[in-house]
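Here's the letter readout for the chains.
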Amino acid sequence: MDDFDNCMADINHRIFEAGIFLPGERVVLTIWGFVLLEHFTGKKYDYRMVDLTTLKIKKLFSRTTPLSESGYQRAMEKMQGRGNRRWMAGRAVHTIS
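The rules behind each value
- Residue positions within a chain follow its written sequence, with the count starting from 1.
- Local features in this predicted model are restricted to residues of pLDDT 70 or higher, and side-chain atom pairs are both shown and tallied only at a pLDDT of 80 or more, whereas totals for entire chains, interfaces and linings draw on every residue.
- With hydrogens and water excluded, all non-hydrogen atoms of the structure serve as input to the side-chain values.
- Helix and strand assignments come from DSSP, with helices taken as H or I runs of at least 4 residues and strands as E runs of at least 2, each series counted from the N terminus.
- Distance and chemistry together define a polar contact, namely a pair of N or O atoms within 3.5 Å, with one atom able to donate a hydrogen and the other to accept it when in protein, and with adjacent residues in sequence counting only for side-chain atoms on both sides.
- Any two residues having at least one pair of non-hydrogen atoms within 4.5 Å are treated as being in contact.
- Any carboxyl oxygen of Asp or Glu that lies within 4 Å of a side-chain nitrogen of Lys or Arg is treated as forming a salt bridge with it.
- Three labels apply to residues, based on accessible area from a 1.4 Å probe with only protein chains included: buried if under 20% of the type maximum, exposed if over 50%, partly exposed otherwise in between.
- Pairing between strands requires that DSSP locate at least two bridges from one strand to the other.

Participant: How would you explain the environment of aspartate 51 if you had to name every residue and give the values?
Facilitator: On the secondary structure map, aspartate 51 appears in strand β3 (residues 45-51). Separated by 20 residues in the primary sequence, aspartate 51 and isoleucine 31 place their C-alpha atoms 9.8 Å from one another. In this structure the side chain of aspartate 51 is engaged in a polar contact, spanning 3.4 Å, whose partner is the backbone nitrogen of threonine 54.

See below:
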């Protein structure tokens, strides 16, 4: 199941079926078999990482404002540091607006 980067509908369906989505949460980034989820709590934006192979979830960080374009690079670095498997150069990265 490493081809989830190819179809957002499959990614959303897999996360929904696993019961991972919080109300109002959305996918904002897909990278190398991982996704970054964004959830606005009313006061801050929480960001969680989901490994699409294992469906393990890790909270990455919270912010008072949503990620900007430059914030996605920092998010990818945090995801890389917290991922449990090898990160592969040259794989697709998709930001969702």
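After that view, the rundown keeps rolling.
Participant: For the side chain of glutamate 25, give the residues involved together with the corresponding values.
Facilitator: Examined against the element boundaries, glutamate 25 turns out to sit in the loop between α1 (8-17) and β1 (26-31). A polar atom in the side chain of glutamate 25 sits 2.8 Å from the side chain of arginine 48. With residues up to four places along the chain from it excluded, the contact list for glutamate 25 reads Ile20, Leu37, Glu38, His39 and Arg48.

Participant: So what about the pattern of salt bridges? Which residues, and what values?
Facilitator: Under the counting rule described, the total for this entry stands at four salt bridges. Measuring nitrogen to oxygen at the nearest pair gives 2.8 Å for the salt bridge that ties glutamate 25 to arginine 48. On the criterion of sequence distance, the pair formed by glutamate 25 in the loop between α1 and β1 and arginine 48 in strand β3 is long-range, its members being 23 residues apart. On the accessibility criterion, arginine 48 (16% relative accessible area) is buried. Note that lysine 59 and aspartate 46 form a salt bridge whose closest N and O atoms lie 3.8 Å from each other. Residue lysine 59 is located in strand β4 (residues 57-63), and its partner aspartate 46 is located in strand β3; the two are separated by 13 residues in the primary sequence. We classify aspartate 46 as buried; its relative accessible area is 14%.

Participant: How would you sum up the pairing of β3? Please name residues and give values.
Facilitator: Across the seven residues of β3, seven count as buried, placing the element largely inside the fold. Residues Tyr45, Tyr47, Met49 and Asp51 line one face of β3 and the alternating positions Asp46, Arg48 and Val50 line the opposite face, and both faces are buried. Two strands pair when backbone bridges link them, and strand β2 (residues 34-40) and β3 are joined in this way by seven bridges, in the antiparallel orientation. Residue pairing across strands places glutamate 38 opposite tyrosine 47, the latter belonging to β3.

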